Amino acid sequence: MDFHLNATDGGARAATLTTAHSTIATPVFMPVGTVGAVKALDAIDLQTHLEPQIILGNTYHLYLRPGDDVVAQMGGLHGFSQFPKSFLTDSGGFQAFSLSDNVKYAEDGITFRSHIDGSKHHFTPQKVLDIHTTSARIS
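Peer 1: Explain the environment of Gly75 to me, using residue names and the numbers behind them.
Peer 2: Locating Gly75 in the fold gives a position in the loop between helix 2 (59-73) and helix 3 (76-81). Sequence separation between Gly75 and Ser135 is 60 residues; the distance between their C-alpha atoms is 8.1 Å.

Printed below as a string of structure tokens:
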């Protein structure tokens, strides 16, 4: 990965981020693909009309559905989604706060109940990194 600062103006900056899958000029519009897909757009519309260089995925949602094991079996997020450019996956930490009725905090992480089926799960920092690694498996 390479980061190049192209210009600044006060607190604003323009940069170029080059990853293995795309070159991203910032500032950038990054559509949300919570579970590896952008809602309301099929792959053709996404790649021919919107043409994003990067999509945001969510660790919490990908872990619960379709499951990090499914994503890994399909070749990581790139194989699962067939989106050839870059992904940014977040930690799922926002869900720990926004779904706080289902979350218990501990010294080593959080325990939560799935908003889908009520099943119990435990995220530690290491587990979240493992999910990221699994999602990026062949990326």
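Moving on, there is more to tell.
Peer 1: Talk me through a nonpolar patch on the surface; I want residue IDs and the actual numbers.
Peer 2: Among the surface-exposed residues, Phe29, Leu41 and Leu50 lie close enough to one another that they form a single nonpolar patch of about 270 Å² accessible area. In this structure, Leu41 sits in the loop between strand 3 (23-26) and helix 1 (43-50). Note on Leu41: relative accessible area 34%, which makes it partly exposed.

Peer 1: Tell me what's going on with helix 1, and back it up with residues and numbers.
Peer 2: The periodicity of an α-helix, 3.6 residues per turn, causes residues three or four places apart in sequence to face the same way. For helix 1, the N-terminal cap is Asp42; the gap from its side-chain oxygen to the backbone nitrogen of Ile44 is 3.1 Å. Where helix 1 ends, the next residue or the one after it, Glu51, has phi of about 50°, a positive value.

Peer 1: Can you break down the sheet that holds strand 3 residue by residue, with the values?
Peer 2: The strand order across the open sheet built from three strands is 1-2-3, with neighbouring strands paired in antiparallel fashion. If you trace the sheet from one side to the other, it starts and ends with strand 1 (2-9) and strand 3, each paired once. For this sheet the average axis-to-axis angle between neighbouring strands, irrespective of direction, equals 10°. As paired elements, strand 1 and strand 2 (residues 12-18) share seven bridges and run antiparallel to each other. Bridging across to strand 2, Asp2 finds its partner in Thr18.

Conventions used here
Here the residue numbers are simple positions, counted from 1 along each chain's written sequence. With pLDDT at 70 or above as the cut-off, local features in this predicted model cover only qualifying residues; side-chain atom pairs require 80 or more to be listed or tallied, and sums for whole chains, interfaces and linings still use all residues. Where side-chain values are given, they derive from all heavy atoms of the structure, hydrogens and water being excluded. Only DSSP runs of H or I with at least four residues qualify as helices, and only runs of E with at least two residues qualify as strands; both kinds are numbered from the N terminus onward. The residues that make up patches have over 30% relative accessible area and no salt bridge, and they are joined within 9 Å when like-charged or within 5 Å when they are Val, Leu, Ile, Met, Phe, Trp or Tyr. Areas reported here follow the Shrake-Rupley algorithm with a probe of radius 1.4 Å; residue values treat only the protein chains shown as occluding. The term salt bridge refers to a side-chain nitrogen of Lys or Arg lying within 4 Å of a carboxyl oxygen of Asp or Glu. A 1.4 Å probe rolled over the protein chains alone gives each residue an accessible area, and that area as a share of the maximum for its type sets the label: buried under 20%, exposed over 50%, partly exposed in between. Pairs of N or O atoms within 3.5 Å make up the polar contacts considered here, provided that, within protein, one atom can donate a hydrogen while the other can accept it, and that residues adjacent in sequence are counted only when both atoms are side-chain atoms. At least two bridges found by DSSP between two strands are what make those strands a pair. Axes here mean lines fitted to C-alpha atoms, for a helix over just the part in contact, with angles spanning 0 to 180 degrees between N-to-C directions.

By themselves, these figures tell us nothing about what the structure is for.
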